[in-house]
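For reference, the chains in residue letters:
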Amino acid sequence: MNNLKTKLLSVFCLLLSPFSLFAQDTLYLYKGGNVFYKCALDQIDSIKFTPPNVNTYIVTFDANGGSGSMTPQVFTEGVAQQLSANIFTHGSQFFENWNTKSDGSGNTYTDKQTITVNANMTLYAQWANSNPCPATLTDISGNSYSTVQIGTQCWMRENLKTTKYTNGEDIPNLTIEAQWRYTINGAMCYHGNNPSNAAYYGALYNYKAVQTGLCPEGWHLPTDAEFTIMIDYLIDHGYNWDGGFYGERVAKSLSSVAPGDKGMWTGANVAGSPGSVTDAGESKRNASGFSANPAGNRNALGQYFNLGLSTYYWTATMLDANNISYVCVYYELENLYRFHGSKENGFSVRCVKD
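Now for a look at the structure at hand. (Residues numbered from 1 in each chain as written. Predicted model: local features only at pLDDT ≥ 70, side-chain atom pairs only at ≥ 80, totals over all residues. Heavy atoms only, no water.)

**A few points about the pairing of strand β18 (residues 310-318)**
For clarity, the threshold we go by: A pair of strands counts as paired when DSSP detects no fewer than two bridges linking them. The helix count covers DSSP runs of H or I at least four residues long, the strand count covers runs of E at least two residues long, and both are numbered beginning at the N terminus.
Where β18 and strand β19 (residues 323-330) come together, six bridges link them in antiparallel fashion. Residue pairing across strands places Tyr-313 opposite Val-327, the latter belonging to β19. Adjacent in sequence and paired antiparallel, β18 and β19 are bridged by four residues.

Next up, the structure:
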């Protein structure tokens, strides 16, 4: 075997093994599915592969009057990456977004937005002087709800219990299983047909009621992506029950009542779950202030389930005409259960501020 063949084999051994190469063989080079060069192997002295230059750029974060420190982030040219989560603080002010100009007159990026970068740049934190989250809100039925700020979002910290649509019309309260099963209209109910459950658990609504409009003016039903924003914020800021920064282990941080008291949650021996009061993460119980409580559900047949075990929240994300994404907090799971279900189910509603 001549020197040429030895060189070629050293280059192509991984790609062409177990094929045999001979000097009279032809090398074909393709581009876009077409041959743009060919020659016999014995016409080649050597082959050199030069990888393309890959540029990297640095994104620097500026607190813009705030305090704290953030590590500059390396971006590869042309590759979409997620910005690091903001960890700056500014006294009693609230982080709004990033901007390429300190005065907010440049390009704006939200916290953890996915972007591509083609030059070094500095992002300046933008701050709001007042809390964008009001202490309370009132629905059209006159019910008042407390709220909670989680990252850049303002959430209701109680389940909705309105008996009227936002247009003022009454929502039918269907107590009979067959009525619930066969209705094609919006409907509500109280778990077990017990109106006293509304005080702690709120009401349950089918998806037609949600689509007709339930949230007070200036508020809306969160999408699955908006739940993800909240969950990601909690993970990034240490709200997982074990303090880790991966996995959706925030069920305990979302669950109602104070550390050492599981409230109405059924007991469980799973660390980090809402039903456990003995694990090392108990100090994280309801640390987010979201105050999820086990409101249960009503299935498409009109039957009630899971009071004390779980709570299910509708999202505004439809997978198809009959399947809607939802988020579930379950008494013996450390993470959130995220799935989709029939719009005939009866689930709870939490609204988020526009």
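Let us keep going from here.
**A closer look at the sheet that holds strand β20 (residues 337-342)**
Spelled out, the test is: Every angle, taken between N-to-C directions, lies between 0 and 180 degrees, and every axis is a line fitted to C-alpha atoms, over only the stretch in contact when it is a helix.
Spatial ordering of the open sheet is given by β18-β19-β20, a layout of three strands whose pairing is antiparallel. The outermost strands of the open sheet, each flanked by one partner alone, are β18 and β20. The average undirected angle you get between the axes of adjacent strands in this sheet is 35 degrees.

**With respect to helix α5 (residues 224-236)**
Along an α-helix, residues three or four apart share an orientation, since each turn contains 3.6 residues. Filter applied, for reference: By this rule the span expected of a helix is its residue count minus one, scaled by 1.5 Å. Exposure categories follow from relative accessible area, calculated using a 1.4 Å probe and restricted to protein chains: below 20% of the type maximum is buried, above 50% is exposed, and the middle band is partly exposed.
Over its 13 residues, α5 runs 18 Å from end to end, which matches the ideal 18 Å to within 8%, given 1.5 Å per residue. Turning to α5, its buried residues number three or more, namely Glu-226, Phe-227, Met-230, Ile-231, Leu-234 and Ile-235. Just downstream of α5, Gly-238 is the residue with a positive phi angle, here 80 degrees.

**Let's talk about the packing of aromatic side chains**
To keep things clear, this is the line we draw: Centre distance within 6.5 Å is the pairing criterion for rings of Phe, Tyr and Trp, where only the six-membered ring of Trp is used; planes under 30 degrees apart are then read as stacked, over 60 as edge-to-face, and the remainder as tilted.
On inspection of all chains with the given rule, the structure shows 17 aromatic pairs. Relative to Tyr-337, the ring of Tyr-326 has its centre 6.5 Å away and its plane inclined at 50 degrees; by these criteria the two rings are tilted. Of this pair, Tyr-326 sits in strand β19 while Tyr-337 sits in strand β20, and the two are eleven residues apart along the sequence. Judged by its relative accessible area of 35%, Tyr-337 is partly exposed. Measuring from centroid to centroid gives 5.0 Å for Tyr-330 and Tyr-331, while their planes differ by 65 degrees, and the two rings are edge-to-face. Judged by its relative accessible area of 24%, Tyr-330 falls in the partly exposed class. Among the residues examined, Tyr-331 registers a relative accessible area of 13% and is labelled buried. Pairwise contacts between aromatic rings join Tyr-207, Tyr-312, Trp-314, Tyr-326, Tyr-337, Phe-339 and Phe-347 into one cluster.

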